[in-house]
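Listed below are the residues making up each chain.
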Amino acid sequence: MQVNGFTQARASMYYIALIQILFSFLLPLNESVNWAQLAGKKEQNVVEPYDPDDGLSPKRPMWSARWGHSTVVFNRTSMSRNDLTAEENSNRSMHLITTLFLLGGDDYLQYKDEFSNGGFRNDVWYSEVQLRSATTWSVRHQFLTMHEKQMGLKSDVVTSNMKWFCMNEGKKSPPFWPVEHDKVGNPIAHDDWISCQDYFGEKRGRECFDKTSIEYMYKTENMWSPRRGHASAVLNGNLYVIGGRSRERVIVDHERFVGAASNRIDLNTGHRTIRESTVLKNDVWMSKDAGKTWTLVTPGCRNQQEDILIETEYMPGKTRYSTTSNGFEKFSSVKCQDSTDCYGDEVCKSLDGRSENKVCVCPLFGIREHHSLDVQHRYVKRDDGTIYSEDYLYLTGGFTQVRHEFCGNLACGNRGSYRMALDDVWVSNDGANWVQIRRATAGSPTAFKPRGGHSTNLISANSFQEEDVDRLFVFGGESVGPNNPKSEFLADMWYMELFSEPCCVRHKSCHLSSHPLTPNDLDICISKRREWIRMDLKSEIYGRAGHVSIHEPPSSMNAFKDYIYIIGGKNSTSIHSDVWSLDLTSGISWHSDISSHTSKNGDEQEFSRINSDHDYNLYYDMESNLTSLVTLRLPSTKSMDETFAVPLVFKIIEDRDIAILEELGIKTFSDLINADQRTILHLRGYDNLPGKKEKMHVKNICYVKQLIEKFNSKCFVGEMRFKTPDISDLCQDGIDPDSCILSTWDGCRPINDYTQIDIPFIHGSSVSVPAVKLDHTNDLQNMHCKYTPGPRYMASGQYADGKVLILGGQGNNPNKLYRDVWYRDDSHPTTIIKKKPKSKSSSATFVFESNEDGALQFEYKIFDQTERLDVTPWITCLKDELIDVSWLDSKKGGPGSGWYTMYVRSGETQLLLMGVVQQPLCYISSN
């Protein structure tokens, strides 16, 4: 994994640099991918992340563990401009400093202690992200005791330099008017608190203009209410927050206190009841100063949009919307005479053509949560050579609540309303004026299904050279509604074609300032087609909702390809941890990250001897398949041809032995190390299994078992594991040492003073005890821990500074919330020898360097070409550290005269082989 050039785990790439030969050889890459942890509680043992709760460092600010939050980036590297080529966009992204923002979310834990104050949040946090810079990581030196060194701990620790800062800690309306106000003691609703926002214009009272008034002070504090499931975006340089499920103080309708429709209680209309409630929102807030202060663009609506009202609200046995007085009265939308009777942006409108049957209708997207928001950046060059730019904001789908059938004057169903997924699409270029591209409920069972918790990605036209259109992609989500209350989790992918030029081009008005979009713009300059087009993809990806979807734009780092990544999410049975990628430029199927035994095209790999045209995997965890376990031999000068220096890769377990293991149900690393003594001895060739005539002998079973046990310890995260004592030492104080050893022995480990042991179920012979501990150094150093963010639901993600990031989210249960940052790394840096001795000189020092600025650590080993033996294992060193190999001279205790080869790779101890340089040293003479 690349941490700004620092390798946490990575695919193999060899860069061969010879002293006498001034050209290089480059090995092909394999498909390995891993994840690096930048922040949060340590969940890997390679680097020290930015941990606000480490208990050692001074207090480090960071947002709380949460889910349902949103994230955006400023100067986003994925903001491709369609007036530039892919190469120009790539070069431009290299010089942008990205600021990552996290907004709101829910940090409530169901079983937290009584002092918990978790719940909906509206705080704003930010961090500057420079993942391709050396400033992302640093090396911290720590003092180690001799015992800690023997346990494998390293004195040089790579530490994340990520920092989080609170831009706005969040504010909400106070419960009561303060003593300075003439309404002292009376409750305050959220709408009272924001009543002086400029949006309300002439409706504002005089107090809103009095700088000494409480209302004026409240205006300076106003912002969106605490919420989750909202969406945020950067539009024309400003930060927007839209919709979601909010918790705020609301005025309770008196009808909600009525026990039954026929027994109404007349309440004092002069008294207001205010209660803190959870409500769906469709308000829009904007910040011009990166979240420090906020302005209300629109409070949105309380009533539904027209197409949803007509589609869903009807009396049992009657038409979708009744033209009778009785049927009309059953609409949940407020009856009105004119729009002044309605809330916010709502308009008073007749849905049946009768002037007396008017209701308040939302002219923009209705209340919702778990919708998606995407920004389209449109550019055009004016006649005078200047660039005109305009951003378009697209809102898609989500979940709302509707009344569908009525019991008296109430909706029948869960909590008084039905959860309903939507399939509408809206667009705006200012956040205030919205145009509907596609109606809600416009789909059919065989077409695009309504959905919430889905994901969308807007990809600019310059990535698709054949057509001058942008594309809005949508993947997955949960489909549910009054007519289909059982959730369906989707794995389909669709796209909609959008024009790529600003509307001013069609209107011939690019010399003027931008104008709000209108319905007349739809077919002229917004959407080329208002229909979703389905992509026919081959994949085994599961249906899901609440996942993260991230677009990686074309750049020099990815061979100018467009990728979409799907991470985590959930279905009806589980929360996922998998990661999938799709190459939009050429792919027709999803590709799963870190596949242990499948190649990129999905075929099974052959590991007995892997050549350069095969993929192989060096990432493992305890669920890795035993078929993926390989041993790797470094290339020699004899193995090089004019193009490649090919590494030799062999299977550690042969096919015949794999078949034996699988017959016993042993398929993964975990299966093997958890196998009992009887099974291991059977695999060593002792006795026969019941019903089996032949012995089941796996010739290197003890080597493999102990290798995996050491690998498990290598990847263990938590308290330091101390060396396991010998079995004979554990049992020496027992009443019956032999019985103790017999019950404790795993069938493979050496036992002091024992060469054989009698096993009751082995007839006719004793079992030999391995005499010596096996050396796993070479294979263990080339096995690398597979790290992933783990199962995630309602996390957030962004593409920032060339990397795919994921932040927070909910784990396998409601009480598992994450407070961390990870990024995906599939880059493959090369290593070079920056400084080396001149031929026939007495110097013996080397300095290593990577082609990525952030590489902080390297590993090198020295190989004796004559004896064909490793002189050293992989040794860790730091960037710019002088490596002196003069100790090879026999006068200094070294092996003496001979030819030696130095191998160098970018990396850190216990990390993946990467960027190897082979350097044949000059002949060393002890004379």
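Residues numbered from 1 in each chain as written. Predicted model: local features only at pLDDT ≥ 70, side-chain atom pairs only at ≥ 80, totals over all residues. Heavy atoms only, no water.

Caption draft 1: Representation of the overall build of the protein chain within the structure. On a plain count of helices and strands, the protein chain comes out with 15 helices and 49 strands. The buried share among the 927 residues of the protein chain stands at 54%. Considering only contacts within the protein chain whose residues lie at least 6 apart along the sequence, 65% involve residues at least 24 apart. (Helix = DSSP H or I, 4+ residues; strand = E, 2+ residues; numbered from the N terminus. Buried < 20%, exposed > 50% of the residue type's maximum accessible area, 1.4 Å probe, protein only. Contact = heavy atoms within 4.5 Å.)

Caption draft 2: Molecular detail of the sheet that holds strand 42 (residues 831-835). One open sheet accounts for 3 strands, arranged 42-43-47; its pairing is antiparallel. Two strands close off the open sheet at either side, each with one partner strand: strand 42 and strand 47 (883-884). Pairing between strand 43 (residues 845-850) and strand 47: 2 bridges, direction antiparallel. Among the inter-strand pairings, Thr-845 is bridged to a residue of strand 47, identified as Asp-884. (Pairing = 2+ DSSP bridges.)

Caption draft 3: How the structure looks around the pattern of salt bridges. Under the criterion given, the structure shown has 33 salt bridges. With a closest N to O distance of 2.4 Å, Asp-191 and Arg-302 form a salt bridge. Residue Asp-191 is found in helix 3 (residues 190-193), and its partner Arg-302 is found in the loop between strand 16 (295-298) and helix 5 (306-312); the two are separated by 111 residues along the sequence. The partly exposed category is assigned to Asp-191, whose relative accessible area is 23%. Residue class for Arg-302 comes out exposed when judged on its relative accessible area of 52%. Note that Lys-861 and Asp-870 form a salt bridge whose closest N and O atoms lie 3.0 Å from each other. One network of salt bridges, with partners in common, ties together Lys-172, Arg-247 and Glu-276. (Salt bridge = Lys/Arg side-chain N within 4 Å of Asp/Glu carboxyl O.)

Caption draft 4: Structural context of the nonpolar core. Core analysis: the largest hydrophobic core is formed by 68 residues, its most contacted members being Trp-164, Leu-626, Phe-669, Leu-805 and Val-821. For this core, the element with the most residues is helix 12 (residues 701-715), which contributes 7 residues. With residues up to four places along the chain from it excluded, the contact list for Leu-805 reads Leu-38, Leu-100, Leu-131, Ile-550, Ser-796, Gly-797, Gln-798, Ala-800, Val-821, Trp-822 and Tyr-823. Formed by 21 residues, the second largest nonpolar core is a distinct cluster that contains Val-72, Trp-285, Ala-290 and Leu-296. (Core = buried A, V, L, I, M, F, W, Y, C linked by side-chain atoms within 4.5 Å.)

Caption draft 5: Highlighting the state of the cysteines. In the structure shown here, the tally under the stated rule is 8 disulfides. Sulfur-sulfur distance for the disulfide between Cys-342 and Cys-360 comes to 2.0 Å. Taking the sign of the torsion about the S-S bond as the criterion, the disulfide between Cys-342 and Cys-360, at about -85°, is left-handed. Of this pair, Cys-342 sits in the loop between helix 6 (325-329) and strand 17 (347-350) while Cys-360 sits in strand 18 (residues 358-361), placing them 18 residues apart in sequence. Of the two residues examined, Cys-342 and Cys-360, each falls in the buried class. Note on cysteine connectivity: Cys-503 is disulfide-linked to Cys-525, with sulfurs 2.0 Å apart. Handedness of the Cys-503-Cys-525 disulfide follows from its S-S torsion of about 90°: it is right-handed. (Disulfide = S-S within 2.5 Å.)

Caption draft 6: Molecular detail of the side chain of Glu-215. Summarising the element assignment, Glu-215 is placed in helix 4 (residues 214-221). The charged side chain of Glu-215 is buried without a salt bridge, its nearest counter-charge being Lys-183 at 6.1 Å. Polar contacts involving the side chain of Glu-215 include one to the side chain of His-181, which spans 2.5 Å. Here Glu-215 is in contact with Trp-177, His-181, Cys-196 and Glu-207, once residues within four sequence places are set aside. (Lys, Arg positive; Asp, Glu negative; His and termini not counted. Polar contact = N/O pair within 3.5 Å; in protein donor to acceptor, adjacent residues only side chain to side chain.)

Caption draft 7: Broad picture of helix 9 (residues 655-663). Looking at helix 9, one finds that the buried residues are Asp-657, Ile-658, Ile-660 and Leu-661. Take helix 9 and look down its axis: the buried residues cluster within an arc of 160°, on one side only. Of the surrounding elements, those touching the buried residues of helix 9 are helix 11 (677-683) and helix 12. Positive phi appears at Gly-665, one or two residues downstream of helix 9, with a value of about 80°. (Arc of directions from axis to C-beta.)

Caption draft 8: Summary view of the packing of aromatic side chains. One pass over the full model with this rule turns up 20 aromatic pairs. Centroid distance Phe-365 to Trp-426: 6.5 Å. Interplanar angle 70°. Geometry classified as edge-to-face. With Phe-365 in the loop between strand 18 and strand 19 (372-381) and Trp-426 in strand 23 (residues 418-428), this pair connects stretches of sequence that are 61 residues apart. Each member of the pair, Phe-365 as well as Trp-426, is classed as buried. When the ring of Phe-448 is compared with that of Trp-494, the centres are 5.5 Å apart and the planes differ by 85°; the resulting orientation is edge-to-face. Pair noted here: Phe-448 is in the loop between strand 24 (435-438) and strand 25 (455-459) and Trp-494 is in strand 27 (residues 484-499), with a separation of 46 residues, a long-range link. (Phe/Tyr/Trp six-rings, centres within 6.5 Å; stacked < 30°, edge-to-face > 60°.)

Caption draft 9: Summary view of the pairing of strand 35 (residues 648-651). Along strand 35, the buried face is formed by Val-649 and Lys-651; none of Leu-648 and Phe-650, which line the opposite face, is buried. Bridge analysis of strand 34 (residues 630-633) against strand 35 gives 4 bridges, and the strand direction is antiparallel. The residue of strand 35 that forms the bridge with Arg-633 is Leu-648.

Caption draft 10: Geometry of the environment of Glu-180. As for its position among the elements, Glu-180 is in the loop between strand 11 (165-168) and helix 3. C-alpha of Glu-180 to C-alpha of Ile-214: the two residues are 34 residues apart in sequence and 7.8 Å apart in space.

Caption draft 11: Broad picture of the sheet that holds strand 29 (residues 548-552). Spatial ordering of the open sheet is given by 29-30-31-32, a layout of 4 strands whose pairing is antiparallel. Each end of this open sheet is capped by a strand with a single partner; those strands are strand 29 and strand 32 (591-592). Judged from the 2 bridges that link them, strand 31 (residues 579-583) and strand 32 form a sheet pairing that is antiparallel. When the sheet's bridge partners are listed, Trp-580 is paired in strand 32 with Ser-592.

Caption draft 12: Representation of the environment of Ile-459 within the structure. Checked against the element boundaries, Ile-459 lands in strand 25. Given a relative accessible area of 0%, Ile-459 falls into the buried group. Sequence-wise, Ile-459 and Ile-564 are 105 residues apart; in three dimensions their C-alpha atoms are separated by 9.8 Å.

Caption draft 13: A look at the side chain of Asp-825. Locating Asp-825 in the fold gives a position in strand 41 (residues 817-825). In this structure Asp-825 comes out as buried when scored by relative accessible area, which is 1%. Among the polar contacts made by the side chain of Asp-825, one reaches the side chain of Lys-803 at a distance of 2.8 Å.

Caption draft 14: Inspection of unusual backbone geometry at higher detail. In this model, Lys-508 sits at a positive phi of 55°, which is unusual for a non-glycine residue. Relative to the helices and strands, Lys-508 resides in the loop between helix 7 (503-507) and helix 8 (522-526). By relative accessible area, which is 73% here, Lys-508 ends up exposed. Backbone geometry places Asp-801, a non-glycine residue, at a positive phi of 50°. Tracing the backbone shows Asp-801 in the loop between strand 39 (796-800) and strand 40 (803-810).

Caption draft 15: Region of the structure containing the confidence of the model for the protein chain. Per-residue confidence for the protein chain gives a mean pLDDT of 78; residues scoring 70 or more make up 74%. Below pLDDT 50 for its whole length, residues 1-31 participates in 168 contacts with residues either more than four positions away or in separate chains. The low-confidence segment residues 314-330, where pLDDT is below 50, has 38 contacts with residues more than four positions distant or belonging to other chains. (pLDDT = per-residue confidence, 0-100.)

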